[in-house]
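As a plain string of letters, each chain reads:
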Amino acid sequence: MGRILIVLTGVSYWTFKNGHRHPTGYWAEEFVAPYSVFTDAGYEITVATPGAVIPVVDTMSLQPRYAGGEENMLKETAVIESAEQLRHPIDIKDVRLEDYDAVYYPGGHGPMEDLAFDADSAVLLRKALASGKPLAIVCHAPAAILATRDEHGKTPFAGLNVTGFCNEEEEGVGFAKDAKWLLEDELQKLPTKYTRGPAWAPYTVSDGNLHTGQNPASSGPLAREVVKVLS
């Protein structure tokens, strides 16, 4: 049918303001849900990371209390183990946007460490936004938008309607006090027209071809929105 690019963080830690490296990576649900939606719809998936490093799943996201129970955790683990694309990512800098019908950025705290400052990802994001193809970014992955600012602080994402992991949710997982910066704050400073829904509930926002989701629960609905647009 077509091809969809999933861009994942390449780091296994997130540096707190005190210098501590907290173990992280990509959030399981935020890869598994869109991967399942896209493959069920017949799309071929390619995974890209900075430097083509093999992405690491945040083990916290596979704890039953965060995965929606043990049964769901086992299902997510099975998808991750069977997704060969995770073992053979391409380098973001080698992505040819014309080869894909849509681009999807899952979150996890990893993007706060690498994609928020990654120049190659920034180039891809600018091109994807300008292309008119669906560009979907969920949870902490909107941190990657911050890297699209030029030397004058200008970005094509300024003024767009977006959402992302909110401060209340960061406080809820206990990391707000440790973070060097909070995503909601930085998106508002960009500035974007940031909005949010109730904590932990699915909430998505579309503005042109840009589609964003607030939290892990939004990753599946966001992927279904992409499939709907493509069809």
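Since the structure is predicted, the reported quantities are computational estimates derived from the model, not experimental observations.

Caption draft 1: Seen up close, the side chain of Glu76. Structurally, Glu76 is set in helix H3 (residues 70-82). The buried charged residue Glu76 lacks any salt bridge, with Lys75 as its nearest oppositely charged partner at 10.0 Å. Among all residues touching Glu76, those that are not within four sequence positions of it are Ala28, Glu29, Val32, Ser61, Leu62 and Ala67.

Caption draft 2: Structural view of the sheet that holds strand E7 (residues 135-138). One open sheet holds the seven strands; their spatial order is E5-E4-E1-E6-E7-E11-E10, and the pairing between them is mixed. Unpaired on one side and paired on the other, strand E5 (90-91) and strand E10 (204-207) mark the two borders of the sheet. Note: E7 against strand E11 (residues 210-213), four bridges, orientation parallel. For Leu135, the partnering residue across the bridge sits in E11 and is Leu210. Across the sheet, helix H1 (residues 28-40) lies against strand E1 (2-7), strand E4 (43-49), strand E6 (102-105) and E7, angled at about 150° from E4, the strand it touches most.

Caption draft 3: A look at the pairing of E4. Most of E4 is tucked away, with six of its seven residues classed as buried. Two strands pair when backbone bridges link them, and E1 and E4 are joined in this way by six bridges, in the parallel orientation. Across the sheet, Ile4 pairs through a bridge with Ile45, a residue of E4. Bridging between E4 and E5 involves two bridges; their strand directions are parallel. Within E5, the position partnered with Thr49 by the bridge is Asp91.

Caption draft 4: Structural detail: the UniProt feature "domain: DJ-1/PfpI" (unreviewed entry) in the protein chain. Here, UniProt's "domain: DJ-1/PfpI" (unreviewed entry) annotation points to residues 29-228. Annotated as residues 29-228, this span is 34% helix and 14% strand, and its ends, taken at the C-alpha atoms, are 20 Å apart.

Caption draft 5: Up close: unusual backbone geometry. That bond from Leu190 to Pro191 is cis: its omega, 0°, falls within 30 degrees of zero. Looking at the element boundaries, Pro191 is found in the loop between helix H7 (183-189) and strand E9 (193-194). One non-glycine residue, Ala52, lies in the positive phi region at around 60°. Among the secondary structure elements, Ala52 is positioned in the loop between E4 and helix H2 (64-67).

Caption draft 6: Fine view of the pattern of salt bridges. Scanning the model with the defined rule gives nine salt bridges in all. In this structure, the salt-bridge partner of Glu98 is Arg96, at a minimum N-O distance of 3.3 Å. Given the relative accessible area of 46%, Arg96 is considered partly exposed. One salt bridge in this structure joins Glu168 and Arg196, with 2.7 Å as the shortest N-O distance. In this pair, Glu168 is assigned in helix H6 (residues 167-172) and Arg196 in the loop between E9 and E10, connecting sequence segments 28 residues apart. A relative accessible area of 41% means that Glu168 is categorised as partly exposed. A network of salt bridges, in which partner residues are shared, links Arg96, Glu98 and Asp99.

Caption draft 7: Highlighting the packing of H1 against H3. Close contact between H1 and H3 brings their axes to 10 Å; oriented N to C, the two are set at 70°. The angle between the axes of H1 and H3 places the two elements in the roughly perpendicular class. Where H1 approaches H3, its residues Ala28, Glu29, Phe31, Val32, Tyr35 and Ser36 are matched on the opposing element by Glu76, Val79 and Ile80. Grouping the constituent residues of the contact of H1 with H3 by class yields six nonpolar, one polar and two charged.

Caption draft 8: View of the nonpolar core. Ranked by internal contacts, the top residues of the largest apolar core, which has 73 residues, are Phe31, Phe38, Tyr105, Leu135 and Phe157. Of all the elements, H1 adds the most residues to this core, at six residues. Those residues within four positions of Phe157 in sequence are excluded, and the remaining contacts are Leu125, Leu129, Leu135, Ile145, Thr148, Leu190, Pro191, Thr192 and Leu210.

Cut-offs used in this document
Residues numbered from 1 in each chain as written. Predicted model: local features only at pLDDT ≥ 70, side-chain atom pairs only at ≥ 80, totals over all residues. Heavy atoms only, no water. Helix = DSSP H or I, 4+ residues; strand = E, 2+ residues; numbered from the N terminus. Buried < 20%, exposed > 50% of the residue type's maximum accessible area, 1.4 Å probe, protein only. Lys, Arg positive; Asp, Glu negative; His and termini not counted. Salt bridge = Lys/Arg side-chain N within 4 Å of Asp/Glu carboxyl O. Contact = heavy atoms within 4.5 Å. Pairing = 2+ DSSP bridges. Axes fitted to C-alpha atoms, helices over the stretch in contact; angles between N-to-C directions. UniProt positions renumbered as here; feature names shortened; annotations may be inferred. Parallel < 35°, antiparallel > 145°, perpendicular 65-115°, else oblique. Nonpolar A, V, L, I, M, F, W, Y, C, P; charged D, E, K, R; others polar. Core = buried A, V, L, I, M, F, W, Y, C linked by side-chain atoms within 4.5 Å.

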